[in-house]
Protein chains: 2
Amino acid sequence: MIVALDHIAIAVPDLDKAIKRFLEDFGLEYSGTEDVESAKTSTAFFPLPETSIELVHPLNGEGPIAKYLEKKGGGMHHLCFRSDDLDADVVRLKEKGYQFLSEEPSIGAHNCRVIFIHPKSCDGVLIELNQPSEDGHH
Amino acid sequence: MIVALDHIAIAVPDLDKAIKRFLEDFGLEYSGTEDVESAKTSTAFFPLPETSIELVHPLNGEGPIAKYLEKKGGGMHHLCFRSDDLDADVVRLKEKGYQFLSEEPSIGAHNCRVIFIHPKSCDGVLIELNQPSEDGHH
């Protein structure tokens, strides 16, 4: 029986730089590295509290997911980090050189304010930041 | 401040079919759908308990991650579900028509037994199943 999502794996060209990003820039806890000889892979782990898988599909056949599916057929689309002060995090990450897909946040699922970091700022991973709305959802 | 990984998003060409996969085949809890008009996106959520981000990087410049990076430069590589009976889950999923990348599990990070489902069986997402070793790690 499947009992948990064990991990989400991200391929990175520079491990030290990526560890620094997830540790310092995104503020995750870091539990160390392990070389897996059998898989010829070096790994670094960041334990996370509860999260969700979100399936995303074009609404009425339109929009950004429709374009993604046309090109790729399907696949892992983005990670979303939750913020308790989205505007401050956007300023902080812009100062570190992160590029965003829009100037201002917009409204996403669960009525959250959301903004996306350009994948080229994160080794090809599209990263969303969101902040739950004041009505207490989430 | 970033306080959580809010979600992992997966783009899917057939939402009902994908909901059925994550609910029935992978046994996740399902909390419902939401249409996000502003993003022209239909979504479906599966809440998850704690997990990890795993950065993966070629060991000594070789192996499958090196090939992935050559092709894509970086990006979300796979999701891994933890099993409490890997052999039974492999049999169960093979019966449902899932194709695997190998006949038998091998040894991965944390000394787990691991096996990968072919991305073409999961809308382009590479999915690993693992089972912690008997020594109680994990």
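Each value, and the rule that gives it
- Residues numbered from 1 in each chain as written.
- Chains lettered and ligands numbered in written order.
- Predicted model: local features only at pLDDT ≥ 70, side-chain atom pairs only at ≥ 80, totals over all residues.
- Heavy atoms only, no water.
- Salt bridge = Lys/Arg side-chain N within 4 Å of Asp/Glu carboxyl O.
- Helix = DSSP H or I, 4+ residues; strand = E, 2+ residues; numbered from the N terminus.
- Buried < 20%, exposed > 50% of the residue type's maximum accessible area, 1.4 Å probe, protein only.
- Polar contact = N/O pair within 3.5 Å; in protein donor to acceptor, adjacent residues only side chain to side chain.
- Patch = residues over 30% accessible without salt bridge, like charges linked within 9 Å, V, L, I, M, F, W, Y side chains within 5 Å.
- Areas by Shrake-Rupley, 256 points an atom, 1.4 Å probe, with all protein chains shown as cover.
- Lys, Arg positive; Asp, Glu negative; His and termini not counted.
- Charge placed at Lys NZ, Arg CZ, Asp CG, Glu CD.
- Contact = heavy atoms within 4.5 Å.
- Buried area = accessible area lost by both parts, 1.4 Å probe.
- Nonpolar A, V, L, I, M, F, W, Y, C, P; charged D, E, K, R; others polar.
- Pairing = 2+ DSSP bridges.

Asker: Help me understand the pattern of salt bridges in this model?
Answerer: Opposite charge on two side chains makes pairing possible when the charged atoms of those side chains draw close. Overall, the coordinates contain 12 salt bridges over all chains when judged by the stated rule. The partner of Asp 89 of chain A in a salt bridge is Arg 92 of chain A, with the nearest N and O atoms 3.1 Å apart. With Asp 89 of chain A and Arg 92 of chain A both in helix α3 (residues 86–95) and 3 residues apart, this pair spans about one turn of that helix. We classify Arg 92 of chain A as partly exposed; its relative accessible area is 26%. The salt bridge partner of Asp 123 of chain B is Arg 21 of chain B, with a shortest N-O separation of 3.3 Å.

Asker: Before we go on, may I ask you to explain helix α1 (residues 15–25) of chain A in this structure?
Answerer: Note: α-helices contain 3.6 residues per turn, so residues at a spacing of three or four share the same orientation. Residues and elements named next belong to chain A. Buried within α1 are the following residues: Leu 15, Ala 18, Ile 19, Arg 21, Phe 22 and Asp 25. Of the residues flanking the start of α1, the one acting as N-cap is Asp 14, its side-chain oxygen 3.3 Å from the backbone nitrogen of Asp 16. Once α1 ends, the next one or two residues include Gly 27, with phi positive near 70°.

Asker: In this structure, what is going on with a positive patch on the surface? I would like to understand it.
Answerer: Positive charge collects at one region of the surface, where Lys 71 and Lys 72 of chain A together with Lys 71 and Lys 72 of chain B lie side by side. Counting residues per element, the ones that place at least two in the positive patch are α2 (64–72) of chain A together with α2 (64–72) of chain B.

Asker: Where do I start with the interface of chain A and chain B in this structure?
Answerer: How large an interface is tends to be reported as the accessible area lost when its parts come together. Taken together, the contact pairs 80 residues of chain A with 80 residues of chain B. Approximately 7,500 Å² of surface area, both sides summed, lies buried where chain A meets chain B, with 60% of it carried by carbon and sulfur atoms. Its salt-bridge partner being Arg 82 of chain A, residue Asp 6 of chain B comes within 2.7 Å of it at the nearest N-O pair. Here chain A is connected to chain B by 52 residue pairs in polar contact (both at pLDDT 80 or more). Elements supplying a minimum of two residues to the side of chain A that touches chain B: β1 (2–11), α1, β2 (32–36), β3 (41–58), α2, β4 (75–83), α3 and β7 (127–131) of chain A. The leading source of residues in the side of chain A that touches chain B is β3 of chain A, at 18 residues. For the side of chain A that touches chain B, the class distribution of residues is 42 nonpolar, 21 polar and 17 charged. Bridge analysis of β3 of chain A against strand β3 (residues 41–58) of chain B gives 17 bridges, and the strand direction is antiparallel.

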